[in-house]
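# Examining the three-dimensional arrangement
The residues making up each chain are set out below.
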Amino acid sequence: MTLTAFSRGLTRVALATLIVTSTVTTERASAQYLEQGGMIAIEIEDSSPNGWSTPSSPTGFSGEGFFRWDGPNYFNSPGNAVLTYQILASSAGNYDVRLRNRHDDPNATEENDTWVRMNSGPWIKMFSNNPNTPGNWNWESRFELPGPQYTNANFDINVGLNTLQFSARSRGFMMDRIHLFLPGTAGGTSL
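Residues numbered from 1 in each chain as written. Predicted model: local features only at pLDDT ≥ 70, side-chain atom pairs only at ≥ 80, totals over all residues. Heavy atoms only, no water.

### Structural notes on the nonpolar core
Leu164, Phe166 and Leu180 are the most contacted members of the largest nonpolar core, which has 31 residues in total. At 4 residues, the largest contribution of residues to this core is made by strand 4 (residues 83-89). With residues up to four places along the chain from it excluded, the contact list for leucine 180 reads Gly38, Met39, Ile40, Ile42, Ile87, Tyr95, Asp96, Val97, Met118, Ile157 and Leu164. (Core = buried A, V, L, I, M, F, W, Y, C linked by side-chain atoms within 4.5 Å. Buried < 20%, exposed > 50% of the residue type's maximum accessible area, 1.4 Å probe, protein only. Helix = DSSP H or I, 4+ residues; strand = E, 2+ residues; numbered from the N terminus. Contact = heavy atoms within 4.5 Å.)

Shown next, in the form of structure tokens:
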């Protein structure tokens, strides 16, 4: 190999490295949250409230606050008062999703849900209706899929930039924090 051919090869490698580095840097600049060790932790109030209220009680929330939906119910129309969070993942996989939430209606099936989606996928009803959850901050999080079919909450997350969104659904529902984690990751619901 001649010196000229060798230097052309180095130039191609340097150019490829520059392109990859620029892409990663752009994604990091766009991301609000970085996945580390299979875990992504998000404080809900890090987003603009976009129509959600930001009360200071009930207490017991994590971080600097929480959001409560005080507008109308949107049981059949997702896409209202959308909250958006950008995530940069280095590990692809099927992540468990746990939303630290609260609903104070004594009926566990009232004021207990929101809409959620990942990467512009379909909006999914995410709910918490264990009889022990009303009046308490809790991590119970399940999906209601068409059918209806009730499942554990999880999303496939790709390596690179991912977009998580919430949309208002039930009046009175409160959201504090969200964790997305690969199965077996320690601390999935630990503050």
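Moving on, there is more to tell.
### Side note on the packing of aromatic side chains
Applying the stated rule across the entire model yields 8 aromatic pairs. Seen in terms of ring centroids, phenylalanine 66 and tryptophan 137 are 5.2 Å apart; in terms of plane orientation they differ by 75 degrees. Their pairing is edge-to-face. Of the two residues, phenylalanine 66 is situated in the loop between strand 2 (39-43) and strand 3 (67-68) and tryptophan 137 in the loop between strand 7 (124-127) and strand 8 (142-145); the sequence distance between them amounts to 71 residues. A single burial state applies to phenylalanine 66 and to tryptophan 137, both of which are buried. Taking the centre distance of 5.3 Å and the plane angle of 55 degrees together, the rings of phenylalanine 143 and phenylalanine 155 count as tilted. Residue phenylalanine 143 is found in strand 8, and its partner phenylalanine 155 is found in strand 10 (residues 154-157); the two are separated by 12 residues along the sequence. Taken individually, phenylalanine 143 and phenylalanine 155 each receive the classification buried, so the pair is uniform in this respect. Through a chain of ring-to-ring contacts, the aromatic side chains of Tyr33, Tyr85 and Phe166 assemble into a single cluster. Directly above the aromatic system of phenylalanine 127 lies the positively charged group of lysine 125, at a separation of 5.5 Å from the ring centroid. Sitting over the face of the ring of tryptophan 115, arginine 169 holds its NZ or CZ atom 4.8 Å from the ring centroid. (Phe/Tyr/Trp six-rings, centres within 6.5 Å; stacked < 30°, edge-to-face > 60°. Lys NZ or Arg CZ within 6 Å of the ring centre and 35° of its normal.)

### Examining the side chain of serine 53
Here serine 53 shows up in the loop between strand 2 and strand 3. Engagement of the side chain of serine 53 in a polar contact is seen with the side chain of aspartate 70, the distance being 2.7 Å. Contact partners of serine 53, with chain neighbours within four places excluded, come to Phe66, Phe67, Arg68 and Asp70. (Polar contact = N/O pair within 3.5 Å; in protein donor to acceptor, adjacent residues only side chain to side chain.)

### Remarks on the sheet that holds strand 9 (residues 149-152)
Pairing in this open sheet of 7 strands is mixed, and the strands run 1-4-11-6-7-8-9 from one edge to the other. Every interior strand has two partners, whereas the edge strands, strand 1 (33-34) and strand 9, have only one. Bridge analysis of strand 6 (residues 113-118) against strand 7 gives 4 bridges, and the strand direction is antiparallel. Note that in strand 7 the partner of aspartate 113 across the bridge is phenylalanine 127. (Pairing = 2+ DSSP bridges.)

### Describing the pairing of strand 4
Of all 7 residues that make up strand 4, 6 are buried, and the element is covered over most of its length. Direction of pairing for strand 1 relative to strand 4: parallel, over a ladder of 2 bridges. Looking at the pairing, leucine 34 lines up with leucine 88 of strand 4. Sheet topology note: the strand 4/strand 11 (residues 160-167) ladder contains 7 bridges and is antiparallel. Its bridge partner lying in strand 11, alanine 89 is registered against glycine 160.

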